Amino acid sequence: MQLNVAAFYSEYTNYQEAGFVALQFLVTNAEAATTQGLELDLTAQLTDSLVAEWNATYVETRYDRFTGGLCYPGRAPTNVATGACDLSGEELPNAPKLKLHAALAYDRPTSFGSIYARADYSWSDDYFTNVNHDPRQVQDAFGVIDARFGLRAGAWDLSVWGENLTDETYIDQSAVSNLFGLDPAYQTFIAPGMSYGVTARYRL
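Since the structure is predicted, the reported quantities are computational estimates derived from the model, not experimental observations.

Helix and strand content of the protein chain: zero helices and twelve strands. Moving toward the C terminus, one meets the helices and strands of the protein chain in the order β-β-β-β-β-β-β-β-β-β-β-β. Projected onto its principal axes, the C-alpha positions of the protein chain cover 75 × 35 × 30 Å. Contacts spanning at least 24 positions in sequence make up 57% of the contacts within the protein chain whose residues lie at least 6 apart. On the protein chain, roughly 12300 Å² of surface is accessible, and the fraction owed to carbon and sulfur atoms is 57%. When the 12 basic and 25 acidic side-chain charges of the protein chain are each reduced to a single mean position, those positions are 6 Å apart.

Quick look at the structure:
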């Protein structure tokens, strides 16, 4: 069994935040930001053929000072002259506080080569999907399952696999679809749904 533990604390000045608006990225500059957290990683050899893995990451993020942030549609600017909103004290977008991952990996020799299998489960806490911190643009917590089963024989490796087997729908990023703030429409970038296939490899 092996256990790794890491704690981290980082301070940033002039932190650049890129947000997708309409057909372009707009870059804003946060005066100061902080990230801190803890990561645990555990690997256990359960049998000669079976290995278990577990990982947990807890992260707290914060704009310590961000006076020139983007305003979400319907929010009155803090600075009327520049049209910016003060996001000081807000969490960073696309930064869930808690992420978990667990896996089982099986690998066993046979008379012709070896058979192997792996199953992974990943879970994410909720997070803002847009840099303007629109409370309507929050991805709820979700989990994703991936799996693979394969055979190795000499130079050949044949496997069947599936990703996001429960066909979980979740948002990678959302973005204001219009350059003009009066339009509250959003465009949403969805992560890939369920996929599966067969992979054959030959090693020369």
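For the rest of this paragraph, the subject is a nonpolar patch on the surface. On the surface, a nonpolar cluster with roughly 550 Å² of combined accessible area is contributed by Phe-112, Phe-149, Leu-151, Leu-158, Val-160 and Val-198. Listing elements by their share of the nonpolar patch, those giving two or more residues are β8 (142-153) and β9 (156-163). Assignment of secondary structure puts Leu-151 in strand β8.

Next up on the list: the nonpolar core. Counting nine residues, the largest nonpolar core is built from Ala-30, Ala-33, Tyr-63, Phe-66, Cys-71, Cys-85, Leu-87, Leu-92 and Ala-95. Look past the residues within four positions of Leu-92 in its chain and what remains in contact with it is Tyr-15, Thr-61, Arg-62, Tyr-63 and His-133.

As a further point, take the packing of aromatic side chains. Counted under the stated rule, the structure contains six aromatic pairs. For the pair Phe-142 and Tyr-170, a centre-to-centre distance of 4.1 Å together with 15° between the ring planes defines the contact as stacked. Of the two residues, Phe-142 is situated in strand β8 and Tyr-170 in the loop between β9 and β10 (171-176); the sequence distance between them amounts to 28 residues. Judged by centre distance (4.9 Å) and plane angle (55°), the rings of Trp-156 and Tyr-202 are tilted. Here Trp-156 is found in strand β9, whereas its partner Tyr-202 is found in strand β12 (residues 195-202), with 46 residues between them in sequence. Here Tyr-202 falls in the partly exposed class, since its relative accessible area comes to 49%. Ring pairs connect the aromatic residues Tyr-12, Tyr-15, Tyr-63 and Phe-66, which therefore count as one cluster.

We now examine the confidence of the model for the protein chain. Mean pLDDT over the protein chain stands at 91; residues scoring 70 or higher make up 94%. At the level of individual helices and strands, the protein chain shows its lowest average pLDDT in β10, which scores 85, and its highest in strand β5 (residues 114-124), which scores 98.

Definitions and limits used
- Residues numbered from 1 in each chain as written.
- Predicted model: local features only at pLDDT ≥ 70, side-chain atom pairs only at ≥ 80, totals over all residues.
- Heavy atoms only, no water.
- Helix = DSSP H or I, 4+ residues; strand = E, 2+ residues; numbered from the N terminus.
- Contact = heavy atoms within 4.5 Å.
- Areas by Shrake-Rupley, 256 points an atom, 1.4 Å probe, with all protein chains shown as cover.
- Lys, Arg positive; Asp, Glu negative; His and termini not counted.
- Charge placed at Lys NZ, Arg CZ, Asp CG, Glu CD.
- Patch = residues over 30% accessible without salt bridge, like charges linked within 9 Å, V, L, I, M, F, W, Y side chains within 5 Å.
- Salt bridge = Lys/Arg side-chain N within 4 Å of Asp/Glu carboxyl O.
- Core = buried A, V, L, I, M, F, W, Y, C linked by side-chain atoms within 4.5 Å.
- Buried < 20%, exposed > 50% of the residue type's maximum accessible area, 1.4 Å probe, protein only.
- Phe/Tyr/Trp six-rings, centres within 6.5 Å; stacked < 30°, edge-to-face > 60°.
- pLDDT = per-residue confidence, 0-100.

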